[in-house]
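If you want the building blocks of each chain, they are given just below.
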Amino acid sequence: MRVPHDDGPPPPPRPPKGRKRPGERAAEAGASDMSQEPGRAALSPTVAGGEAGESLSLRPQSLAEYVGQAALKRKLEVFVRAARGRDEPLDHTLLHGPPGLGKTTMAHILAHELGVRLHLTSGPAIEHKGVLAGHLTALGPRDVLFIDEIHRLAPTVEESLYSAMEDGRIDLPVGEGTRARTIGFELAPFTLIGATTRTALLSGPLRDRFQIIEAIEFYGDDELAAIVCRTASILGVPVSGAAALEIGRRSRGTPRIANRLIRRVRDFAQVRGARSIELADATAALLELGIDSEGLDMLDRRLLTMIVENFRGGPVGVEALGASLGEPRDTLESVVEPFLLQRGFLLRTSRGRVATMKAARHLGLELPPGWQGALDL
Ligand SMILES: Nc1ncnc2c1ncn2[C@@H]1O[C@H](COP(=O)(O)OP(=O)(O)O)[C@@H](O)[C@H]1O
Ligand SMILES: [Mg+2]
């Protein structure tokens, strides 16, 4: 990707003046209302996965409210307490995992638990070094800078980030022509939290500069049921345990999808005049929505059907799949495939994607002659 404005004149760095203690500011801001944060507006249009419409009130505000990811929460809680005890920023942290699993939510929570401000931006929004410098120099001591989709940073921006992360300074060009020179600015000690759906696309040098690297995993059915119940109670709709479990089970292991489904199921139940959501309401609505018993949606089923029927089970390259389905390769790799791989419907091999017999059976498809997909063991 070409970056048209790179090395353009950076905005003048703002000196840290009249800063309050981080805890005070967090308390003042209500610590939860991050929509007031300066970087917020820049983020929304660039975030994939419909995050812009996601209401902040659904986001858990503390580690205790964050459902699931028990091992991750235990570790982060220790790191946060230790950093606070030393009066230091949290070490730079990379969170990776498929979209909708709670990376952005966790960044909000970490800043809250650290008692500092969160500044939000994303890889594609940082168009040149000057924009990065603007973000970095606006940080107060121990604040968190959250860069979503950090794998999409322009290479020159990424390089400036190295010295910021490692030495707490950033070099900026000042002046023009023969008087041009660079000046190094000292930054307040800060935490970078990076989020990515694609660790494989992250450069080695960038990844090496994170001291904490943690995956966020798909959620279990019970955890998703708990998220459905939590969201339903925030929305003020009663939902039966069986209905919540069914919605959770069909949410592709993903809280964002669970939250989306409970809203849609609520619409169906409401229009039918139901007072609460029962199992029958949930299954009827999920059928209408095209979500099957395994939680697969239309695109999941199109992808698997394509491999089974048109490629005799595979292997087929992801580019060819993307072209046949009319979907960008990145969507397939970051959004569609991880869940299918995790559930054993799909395999990734060196020669391409391979469908499993479980996939063919689930879709009710006959194995075509000359099946090249995976065989059951
Ligand atoms: N552990 C969790 N507990 C409860 N709700 C969650 C959890 N993780 C995510 N969510 C909900 O799912 C939605 C998507 O989470 P988000 O942090 O935006 O995902 P990501 O940044 O990984 O794409 C949020 O609205 C949040 O309310
Ligand atoms: Mg996010």
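The residue numbering used here restarts from 1 in each chain and proceeds along that chain's sequence as written. To read the labels, note that chains go from A and ligands from 1, taken in the order they are written. Whole-chain, interface and lining totals are the exception, using all residues; otherwise, since this is a predicted model, local features are given only for residues with pLDDT of at least 70 and side-chain atom pairs are given and counted only at 80 or more. Each side-chain value is worked out from all heavy atoms of the structure, with water and hydrogens disregarded.

- As named in an unreviewed UniProt entry, the protein chain is Holliday junction branch migration complex subunit RuvB, taken from Nannocystis exedens.
- Entered under Sequence similarities (unreviewed entry) in the UniProt record, the comment concerning the protein chain runs "Belongs to the RuvB family."
- UniProt positions are given in the numbering used here, feature names are shortened, and annotations may be inferred rather than shown by experiment. The UniProt entry for the protein chain carries the following comment under Catalytic activity (unreviewed entry): "ATP + H2O = ADP + phosphate + H(+)".

## Thoughts on the overall build of the protein chain
1) Next: The helix count covers DSSP runs of H or I at least four residues long, the strand count covers runs of E at least two residues long, and both are numbered beginning at the N terminus. Looking only at helices and strands, the protein chain has 15 helices and nine strands in total.
2) Next: For the exposure calls, accessible area comes from a 1.4 Å probe over protein chains only, and a residue counts as buried if that area is under 20% of its type's maximum, exposed if over 50%, partly exposed in between. Sorting the 377 residues of the protein chain into buried and exposed places 49% on the buried side.
3) Next: Exposure was quantified through the Shrake-Rupley algorithm and a 1.4 Å probe, taking into account, for residues, occlusion by the shown protein chains and nothing else. For the protein chain, the computed accessible surface area is about 17800 Å², with 52% contributed by carbon and sulfur atoms.

## Describing the UniProt feature "binding site: Mg(2+)" (unreviewed entry) in the protein chain
1) Next: Sites flagged by UniProt as "binding site: Mg(2+)" (unreviewed entry) map to Thr104.
2) Next: Checked against the element boundaries, Thr104 lands in helix α4 (residues 103–114).

## A few points about the nonpolar core
1) Next: Buried Ala, Val, Leu, Ile, Met, Phe, Trp, Tyr and Cys residues form a nonpolar core when they are joined through side-chain atoms within 4.5 Å. Met106, Ile247, Leu303, Leu304 and Leu340 are the most contacted members of the largest nonpolar core, which totals 70 residues.
2) Next: Contacts: residue pairs with any heavy atoms within 4.5 Å of one another. Leave out the neighbours within four places in its chain, and Met106 touches Leu63, Tyr66, Leu72, Lys73, Leu76 and Leu95.
3) Next: Counting 24 residues, the second-largest nonpolar core is a separate cluster that includes Leu132, Leu139, Ile170 and Leu192.

## Focus: helix α5 (residues 129–137)
1) Next: Looking only at α5, the buried set comprises Gly130, Leu132, Ala133, His135, Leu136 and Thr137.
2) Next: Of the surrounding elements, those touching the buried residues of α5 are β2 (118–122), β3 (144–148), α6 (155–167) and β4 (169–174).

## Description of the environment of Gln69
1) Next: Structurally, Gln69 can be placed in the loop between α2 (40–43) and α3 (70–86).
2) Next: When its relative accessible area of 10% is taken as the criterion, Gln69 is described as buried.
3) Next: Distance in space between the C-alpha atoms of Gln69 and Glu217 is 7.3 Å, their sequence separation being 148 residues.
4) Next: Not counting chain neighbours up to four residues away, the residues in contact with Gln69 comprise Ile216, Glu217, Tyr219 and Glu223.
5) Next: There is a polar contact of 2.7 Å between the side chain of Gln69 and the backbone oxygen of Glu217. Whenever two N or O atoms come within 3.5 Å, that pair is a polar contact, provided that in protein one can donate a hydrogen and the other can accept it, and provided that, for residues adjacent in sequence, both atoms are side-chain atoms.

## Looking at the sheet that holds strand β6 (residues 191–196)
1) Next: At least two DSSP bridges between two strands are needed for those strands to be called paired. Spatial ordering of the open sheet is given by β2-β3-β6-β1-β7, a layout of five strands whose pairing is parallel. The strands lining the two open edges of the sheet, one partner per strand, are β2 and β7 (212–215). Along the sheet, successive strands turn relative to each other by an average axial angle of 15°, direction set aside.
2) Next: Strand direction decides the pairing type here: β3 and β6, joined by four bridges, are parallel. Bridge pairing in β6 places Phe146 opposite Ile193.
3) Next: In the packing of α4 onto the sheet, contacts are made with β1 (93–96), β2, β3 and β6, and the angle to β3 comes to roughly 180°. Comment: axis = line fitted to C-alpha atoms, over the contacting stretch for helices; angle = value between 0 and 180 degrees taken between N-to-C directions.

## Side note on the side chain of Ser334
1) Next: Along the chain, Ser334 falls in helix α14 (residues 329–342).
2) Next: With residues up to four places along the chain from it excluded, the contact list for Ser334 reads Pro98, Pro99, Thr197 and Arg198.

## Remarks on the pattern of salt bridges
1) Next: Salt bridges are defined as contacts in which a side-chain nitrogen from Lys or Arg sits within 4 Å of a carboxyl oxygen from Asp or Glu. Using the criterion set out here, one finds 21 salt bridges in the structure.
2) Next: Across the pair Arg272 and Asp281 runs a salt bridge whose closest N-O atoms are separated by 3.3 Å.
3) Next: In this structure Arg272 comes out as exposed when scored by relative accessible area, which is 55%.
4) Next: We note a salt bridge from Arg301 to Asp292, for which the minimum N-O separation is 3.5 Å.

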